[in-house]
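Structural characterization, general
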Amino acid sequence: MSLDRLPRGLLHVEGLAVLVAALVLYFDAGHGWLLLVLLALAPDLSMLGYLAGARVGALTYDVAHTYALPVALAVAGVVAEWSLGTQLALIWLAHIGADRLLGYGLKYPTGFKDTHLQRV
């Protein structure tokens, strides 16, 4: 990998690390497959924001695909001993990690295909 492509490559590796870590923690906590399978693609419902235009769509997609909210939910779940909150956060983090691994990044308001990782 050339140095000019290194940052993008590292973001893909980072996505893999988040995906694997979230799944390991999820199954280590004893959570089952059902909720994971049912909600694995739930964050992609945020794409419905594109029905209101590219700017709103990028905003709704990016809010649902940044690590900040699921990390906050995970912390709240751990602190409050709320297993469901932690479970949902790990599913959400796994989704974002998989997206980053596959090259789906945060969106620019210029269009759905314009991301911080690449043009998809």
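Scroll up a little and you will see the structure.
Read on for an overview of the structure.

Rules and cut-offs
- Residues numbered from 1 in each chain as written.
- Predicted model: local features only at pLDDT ≥ 70, side-chain atom pairs only at ≥ 80, totals over all residues.
- Heavy atoms only, no water.
- Buried < 20%, exposed > 50% of the residue type's maximum accessible area, 1.4 Å probe, protein only.
- Helix = DSSP H or I, 4+ residues; strand = E, 2+ residues; numbered from the N terminus.
- Arc of directions from axis to C-beta.
- Contact = heavy atoms within 4.5 Å.
- Expected span 1.5 Å × (residues − 1).
- Phe/Tyr/Trp six-rings, centres within 6.5 Å; stacked < 30°, edge-to-face > 60°.
- Lys NZ or Arg CZ within 6 Å of the ring centre and 35° of its normal.

**Considerations on helix H3 (residues 54-64)**
An α-helix turns once every 3.6 residues. As a result, residues three or four positions apart point the same way. For H3, the full list of buried residues reads Gly57, Ala58, Tyr61, Asp62 and Ala64. Projected down its long axis, H3 carries its buried residues within an arc of 160 degrees, all on one side. Turned more than 90 degrees off the buried face of H3, the exposed positions are Arg55 and Leu59. As for H3, its buried residues are in contact with helix H5 (83-102), strand S1 (107-108) and strand S2 (111-115).

**Here we look at H5**
Over its 20 residues, H5 extends 29 Å from the first C-alpha to the last, a length consistent with the 28 Å expected when each residue adds 1.5 Å. A positive backbone phi angle near 100 degrees is found at glycine 103, which sits one or two residues after H5.

**Considerations on the packing of aromatic side chains**
By the definition in use, this model includes 4 aromatic pairs. Taken together, a centroid distance of 5.9 Å and an interplanar angle of 80 degrees make the contact between tyrosine 61 and phenylalanine 112 edge-to-face. Taken together, the positions of tyrosine 61 in helix H3 and phenylalanine 112 in strand S2 put the pair 51 residues apart, joining distant regions of the chain. Taking relative accessible area as the criterion, phenylalanine 112 reaches 31% and is therefore assigned partly exposed. Taken together, Tyr26, Phe27 and Trp33 form an aromatic cluster joined through their ring pairs. For arginine 100, the ring lying beneath its charged end belongs to tyrosine 67, and the centroid distance is 5.4 Å. Over the aromatic face of tyrosine 61 sits the side chain of lysine 107, whose NZ or CZ is 4.7 Å from the ring centroid.

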